[in-house]
Amino acid sequence: MIQKDFVKTLKKAGIVGAGGAGFPAYVKASSKAEFVIVNAAECEPLLKKDQQILERYPEIVFDGLEMMMKATSAKSGIIGIKKKHVKVIEILKRAAASRKNIEIKLLGDYYPAGDEFCLVYDTIGRLVPMGGLPINVGAVVNNVETLYNVAIARKYPITEKFLTVTGAVKKPCSFKAPIGISYGELIEFAGGANCKDYAAIDGGPMMGKVITDFTLPVTKVSGGLIVLPKNHSLILKKSRPDNSVSRIGKSACDQCSFCTELCPRYLLGHILNPHKVMRSLLFSGSGKDIHNEFALLCSQCSLCSLYSCPENLDPKSICDMAKKSLIEKSINIKTASMDFENQPKVHPLRDYRKTPVSKLIARLNLSDYDKAAPFIEFNYVPGKVRIMLSQHIGVPAEVIARVGQAVKKGDTIASVSDDKLGAYIHASINGKVSKINNKYIEIEK
Ligand code: SF4
Ligand code: SF4
């Protein structure tokens with residue numbers, strides 16, 4: 001009964017994975033697990049907000065962790081954090097002293113230490129099966145901010161987002177801003193861009209997407225904004241159209257297989273071979289599908305494209321395209337011709353092939369932007385917010401607000417029925433609903 005109430009609370013508070021995945025937290029809270037693992041790796045370069053949440057609100061995150069442990073009947077709570085965060089680890093150790101069954105596990109400073117499969121292996125030594133989930137080996141993984149939100153869910157639904165805004169801005173900083181505020185206002189709050197022609201990456205430099213439309217709103221899964229000159233190599237590479245990625249890949253890939261040899265999932269023993277997916281570019285007919293099937297195991301970490309490939313090719317995007325083509329043919333992990341059932345076996349050289357974040361930052365040409373982004377209070381109320389109906393995994397929320405309706409911060413404005421996977425949506429400022437369409441609800445002050 002207590003678990004049912006808790007699950008309902010999380011659903012009504014609209015809590016979804018804040019680390020970028022957007023998976024509704026109530027589903028994880030409904031499962032049975034041995035371990036709840038806190039993903040405090042924050043391995044995307046330049047982002048700082050998770051460490052700042054832990055530094056400022058350790059007790060709240062621990063409360064969220066204990067609630068998830070209780071809901072899932074987990075006997076053990078584990079915080080996976082990089083050992084370089086010495087100050088935060090000291091704070092966590094002090095907070096953990098008064099808690100039961102919570103352990104801190106130290107991780108190396110490599111990318112992607114926060115990949116769920118890597119994190120599970122590095123903290124509890126269990127290997128998530130190919131195409132599986134951490135729950136298959138008894139673990140539930142939650143991001144730091146998600147647990148913060150879980151802890152406050154009974155009082156506050158999700159209306160705000162922790163963000164780091166950094167890169168080519170005058171005052172790199174982190175703060176908590178209303179969901180639905182535009183990215184342009186975030187950049188202004190960070191002092192404005194310090195170059196004339198700029199673009200930004202929504203999320204981390206590795207897995208984030210390039211945006212040039214700064215009227216776009218912040219969602220529950222936004223993690224930060226990396227502002228960069230439009231001609232920065234990372235922006236140029238991430239903006240390449242699919243047809244040129246394929247054409248260049250087809251003519252320039254020399255099958256050196258570096259992309260595979262450094263792939264984090266391959267190193268965990270999964271039969272993911274991005275160089276063979278690249279080879280598929282030369283095939284037509286059934287040979288292409290068979291080579292494409294490796295891509296079903298890709299986590300989209302981008303290491304192959306932004307670090308490993310000596311030819312500056314983009315195997316990650318080729319894997320994305322391969323997945324799309326397989327979906328169109330209804331080929332998935334279960335229906336694929338490849339045998340994904342075997343138990344993975346960790347590569348003997350995994351520890352020597354982990355990618356250090358410092359080297360990654362240099363390779364990404366981001367060394368000049370690797371600066372502090374201190375946490376500051378967000379003392380600005382936007383004139384309007386646009387709250388997206390689909391900012392999570394599952395069905396879009398169904399609108400229950402009306403145009404002209406006065407709303408207060410925290411009011412439910414869109415919901416999801418009990419039989420569907422999704423998340424409730426709430427007003428993030430006090431104001432009046434000024435516009436509703438099939439994508440968003442707009443509220444004006
Ligand atoms: S690393 Fe680059 S060149 Fe080498 S196999 Fe992979 S995509 Fe081809
Ligand atoms: S993006 Fe590349 S390196 Fe990352 S999991 Fe996929 S194939 Fe491997």
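Here the structure is shown first, and the text comes after it.
In short, a report on the structure.

Rules used throughout
Residues numbered from 1 in each chain as written. Chains lettered and ligands numbered in written order. Predicted model: local features only at pLDDT ≥ 70, side-chain atom pairs only at ≥ 80, totals over all residues. Heavy atoms only, no water. Near = heavy atom within 4 Å. Helix = DSSP H or I, 4+ residues; strand = E, 2+ residues; numbered from the N terminus. Nonpolar A, V, L, I, M, F, W, Y, C, P; charged D, E, K, R; others polar. Contact = heavy atoms within 4.5 Å. Pairing = 2+ DSSP bridges. Axes fitted to C-alpha atoms, helices over the stretch in contact; angles between N-to-C directions. Parallel < 35°, antiparallel > 145°, perpendicular 65-115°, else oblique. Left-handed = near helix turned anticlockwise from the far one by under 90°. Buried < 20%, exposed > 50% of the residue type's maximum accessible area, 1.4 Å probe, protein only. Core = buried A, V, L, I, M, F, W, Y, C linked by side-chain atoms within 4.5 Å. Salt bridge = Lys/Arg side-chain N within 4 Å of Asp/Glu carboxyl O.

## What about the site of ligand 1?
- With respect to spatial proximity, 13 residues lie near ligand 1, and among them Cys253, Cys256, Ser257, Cys259 and Cys309 are the closest.
- Secondary-structure elements contributing two or more residues to the shell around ligand 1 are helix H11 (258-261) and helix H13 (274-279).
- Grouping the constituent residues of the shell around ligand 1 by class yields eight nonpolar, three polar and two charged.

## Structural notes on the site of ligand 2
- Taken together, Cys263, Pro264, Leu272, Pro274, Cys298, Ser299, Gln300, Cys301, Ser302, Cys304 and Lys316 form the complete shell of residues around ligand 2.
- Among the residues making up the shell around ligand 2, the classes are represented as seven nonpolar, three polar and one charged.

## Considering the environment of lysine 100
- Residue position: lysine 100 is located in the loop between helix H5 (86-96) and strand S3 (102-107).
- Considered as a pair, lysine 100 and glutamate 66 are 34 residues apart in the sequence and their alpha carbons are 9.0 Å apart.
- In this structure lysine 100 touches Glu66 and Met69, once residues within four positions along its chain are discounted.

## Examining the sheet that holds strand S7 (residues 173-178)
- Across the sheet, five strands lie side by side as S7-S6-S10-S8-S9; this open sheet has mixed pairing. Lying at the two open borders of the sheet, with one neighbouring strand each, are S7 and strand S9 (209-211). The average angle at which neighbouring strand axes cross in this sheet is 30°, direction not considered.
- When strand S8 (residues 198-202) meets strand S10 (residues 224-229), the two strands line up antiparallel, connected through five bridges. Each bridged residue has a counterpart across the sheet, and for alanine 199 the counterpart in S10 is leucine 228.
- In the packing of helix H3 (residues 49-56) onto the sheet, the strands contacted are strand S6 (160-167) and S7, and the crossing angle to S6 comes to about 125°.

## Side note on the packing of helix H10 (residues 242-252) against helix H16 (residues 315-328)
- Interaxial distance between H10 and H16 falls to 10 Å at its minimum, and their mutual angle equals 110°. It follows that H10 is roughly perpendicular to H16 by the angle criterion. Like other packed secondary-structure pairs, H10 and H16 cross with a definite hand, here left-handed. Where H10 abuts H16, its residues Asp242, Val245 and Ser246 lie against Ser317, Ile318, Met321 and Lys324.

## A few points about helix H6 (residues 116-124)
- Buried within H6 we find Phe117, Cys118, Leu119, Val120, Thr123 and Ile124.
- Looking at the buried positions of H6, the neighbouring elements they touch are strand S1 (35-40), strand S2 (76-82), S3, strand S4 (110-111), strand S5 (139-143) and helix H12 (264-267).
- Count one or two residues on from H6 and you reach glycine 125, which has phi positive near 70°.

## Section: the sheet that holds strand S18 (residues 440-444)
- Judged by pairing direction, the sheet is antiparallel, and its four strands sit side by side in the order S12-S18-S17-S14 without closing on themselves. The two strands at the open ends of the sheet, each matched to only one other strand, are strand S12 (384-388) and strand S14 (406-407).

## Points about the nonpolar core
- Judged by nonpolar contacts, the single largest core of 60 residues is most densely connected at Ile37, Tyr111, Val120, Phe175, Leu186, Leu228 and Leu366.
- Top contributing element to this core by residue count: H6, with five residues.
- Not counting residues within four places of it along the chain, the set of residues in contact with isoleucine 37 comprises Ile78, Leu119, Val120, Thr123, Ile124, Ala139, Val140, Val141 and Asn142.
- The next biggest cluster of nonpolar side chains, apart from the first, holds 54 residues, and it includes Ala25, Ile152, Ile387 and Val407.

## Here's the deal with the pattern of salt bridges
- Under the defined criterion, the tally for this structure stands at 26 salt bridges.
- One salt bridge in this structure joins lysine 49 and glutamate 145, with 2.7 Å as the shortest N-O distance. Linking lysine 49 in helix H3 with glutamate 145 in helix H7 (residues 144-152), this pair joins segments that are 96 residues apart in sequence. Per residue, the accessibility class of lysine 49 equals that of glutamate 145, and both read buried.
- Across the pair lysine 354 and aspartate 122 runs a salt bridge, and its minimum N-O distance is 4.0 Å. Taken together, the residues span a long stretch of sequence, with lysine 354 in the loop between H16 and strand S11 (355-356) and aspartate 122 in helix H6 at a distance of 232 residues.

Taken by themselves, the reported measurements are silent on function.
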